[in-house]
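Spelled out, the chains give:
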Amino acid sequence: MIPSQSTAIPRSLFAFSIFYGGMVCIAGVLGNKQVALGPLAVEAGIFAFLLLVTVSSAVAELHGRATANRLVQFGFIPLVFSILLLLAVLSVPAAPDMEPERLAAFDLMMRATPRIWGAGIIAYGVSQTLNVTIFAAMRRGAGKFLWLRAGTASALSQIVDTLLFITIAFYGAFPIGQLIVGQMIAKVVLSIVLVPPLIYFFVALGRRLDGTRTETAA
């Protein structure tokens, strides 16, 4: 008899993977609302994306760059399937007794052009991979400064995300220059403010789940 080998994954990776998949799906829904943060105006999906970059960075810190990249790649599965499920639901006739106002609101919020969906998929893959790449590469020179690596990687990846998504989704439909600049400023500010404390939380949580010592970073 050949002894069985354990294929269990670390608790932190299991928990973060589930959380990551949920944020991938909800980001597009939240993006339907524009929120005002003082002088900044930004689509609400940025909060889910900031959690995505923070979790992928935490996985890179705890389990290595290759594992974090696989997390990003597996993120395409819930992203694509959620879009396909949404298309299926939109194609099914509504119940006769459903209020017209509710149906109109649902269609308004959930419908998007293939161009917008494609832009979201491309921007997600490129920006999330870039975030992991920058975060891991900075470990050589700024390894102790976890907050600096996470904030820098998030800010740069969100700039690329904005450029890709808005250009692919809306170029030619209306002038996009002002929209790109405004979104970039908002996302960079939020990355600098929110990601540094979040990365310490997720790394500490991951080490606690795995039963390893939490190191104090500068």
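The notes below deal with the structure included here. (Residues numbered from 1 in each chain as written. Predicted model: local features only at pLDDT ≥ 70, side-chain atom pairs only at ≥ 80, totals over all residues. Heavy atoms only, no water.)

### A word on the overall build of the protein chain
Moving on, step 1. The number of helices and strands found in the protein chain is 9 helices and 2 strands.
Moving on, step 2. Reading the secondary structure of the protein chain in the N-to-C direction produces α-β-β-α-α-α-α-α-α-α-α.
Moving on, step 3. The C-alpha extent of the protein chain, read off along each of the three principal axes, is 55 × 55 × 25 Å.
Moving on, step 4. Within the protein chain, the fraction of its 218 residues that count as buried is 36%.
Moving on, step 5. Here the contacts in the protein chain between residues at least 6 apart in sequence split such that 73% fall between residues at least 24 apart. (Helix = DSSP H or I, 4+ residues; strand = E, 2+ residues; numbered from the N terminus. Buried < 20%, exposed > 50% of the residue type's maximum accessible area, 1.4 Å probe, protein only. Contact = heavy atoms within 4.5 Å.)

### Observations concerning the pattern of salt bridges
Moving on, step 1. In the structure shown here, the tally under the stated rule is 6 salt bridges.
Moving on, step 2. Note that Lys 187 is salt-bridged to Glu 43, the shortest N-O span being 3.8 Å. Taken as a pair, Lys 187 in helix α9 (residues 177-210) and Glu 43 in strand β2 (residues 40-43) lie far apart in primary sequence, 144 residues in all. Side by side, Lys 187 and Glu 43 carry an identical accessibility label, which is buried.
Moving on, step 3. One salt bridge in this structure joins Arg 139 and Glu 61, with 3.6 Å as the shortest N-O distance. (Salt bridge = Lys/Arg side-chain N within 4 Å of Asp/Glu carboxyl O.)

### Section: helix α8 (residues 146-170)
Moving on, step 1. A rise of 1.5 Å per residue sets the reference length of α8, with its 25 residues, at 36 Å; its end C-alpha atoms lie 35 Å apart and thus fit the reference within 8%.
Moving on, step 2. Immediately beyond the C-terminal end of α8, within one or two residues, lies Gly 172, with a positive phi of roughly 90°. (Expected span 1.5 Å × (residues − 1).)

### Side note on the pairing of β2
Moving on, step 1. Taken together, the 4 bridges between strand β1 (residues 34-37) and β2 define a ladder with antiparallel strand orientation. Paired with Ala 36 across the strands is Ala 41, a residue of β2.
Moving on, step 2. The turn joining β1 and β2, which pair antiparallel and follow one another in sequence, is formed by 2 residues; a positive phi near 65° is taken by Gly 38. (Pairing = 2+ DSSP bridges.)

### A few points about the environment of Leu 30
Moving on, step 1. Structurally, Leu 30 can be placed in helix α1 (residues 11-30).
Moving on, step 2. Between the C-alpha atoms of Leu 30 and Gly 45, which are 15 residues apart in sequence, the distance is 4.6 Å.
Moving on, step 3. Among residues more than four places away in sequence, those in contact with Leu 30 are Ala 44, Gly 45 and Ala 48.

### Some words on the packing of aromatic side chains
Moving on, step 1. One pass over the full model with this rule turns up 6 aromatic pairs.
Moving on, step 2. Centroid distance Phe 19 to Phe 202: 5.8 Å. Interplanar angle 45°. Geometry classified as tilted. With a gap of 183 residues between them, Phe 19 in helix α1 and Phe 202 in helix α9 connect regions that are remote in the sequence.
Moving on, step 3. Ring-pair connections join several aromatic residues into one group, and the members of that group are Phe 16, Phe 19, Phe 201 and Phe 202.
Moving on, step 4. Of note, Arg 149 hangs over the ring of Phe 135, and the distance from its end group to the ring centre comes to 4.5 Å. (Phe/Tyr/Trp six-rings, centres within 6.5 Å; stacked < 30°, edge-to-face > 60°. Lys NZ or Arg CZ within 6 Å of the ring centre and 35° of its normal.)

### Considering the packing of helix α3 (residues 65-74) against helix α6 (residues 114-137)
Moving on, step 1. The contact between α3 and α6 brings their axes to 10 Å, and the two run at 165°. If you check the angle between α3 and α6, you find them roughly antiparallel. In this structure, α3 meets α6 at a crossing whose hand is right-handed. For the pair α3 and α6, the contacting residues are Arg 65, Ala 68, Asn 69, Leu 71 and Val 72 in the first and Tyr 124, Gly 125, Gln 128, Thr 129, Val 132, Thr 133 and Ala 136 in the second.
Moving on, step 2. Classifying every residue of the contact of α3 with α6 gives 6 nonpolar, 5 polar and 1 charged. (Axes fitted to C-alpha atoms, helices over the stretch in contact; angles between N-to-C directions. Parallel < 35°, antiparallel > 145°, perpendicular 65-115°, else oblique. Left-handed = near helix turned anticlockwise from the far one by under 90°. Nonpolar A, V, L, I, M, F, W, Y, C, P; charged D, E, K, R; others polar.)

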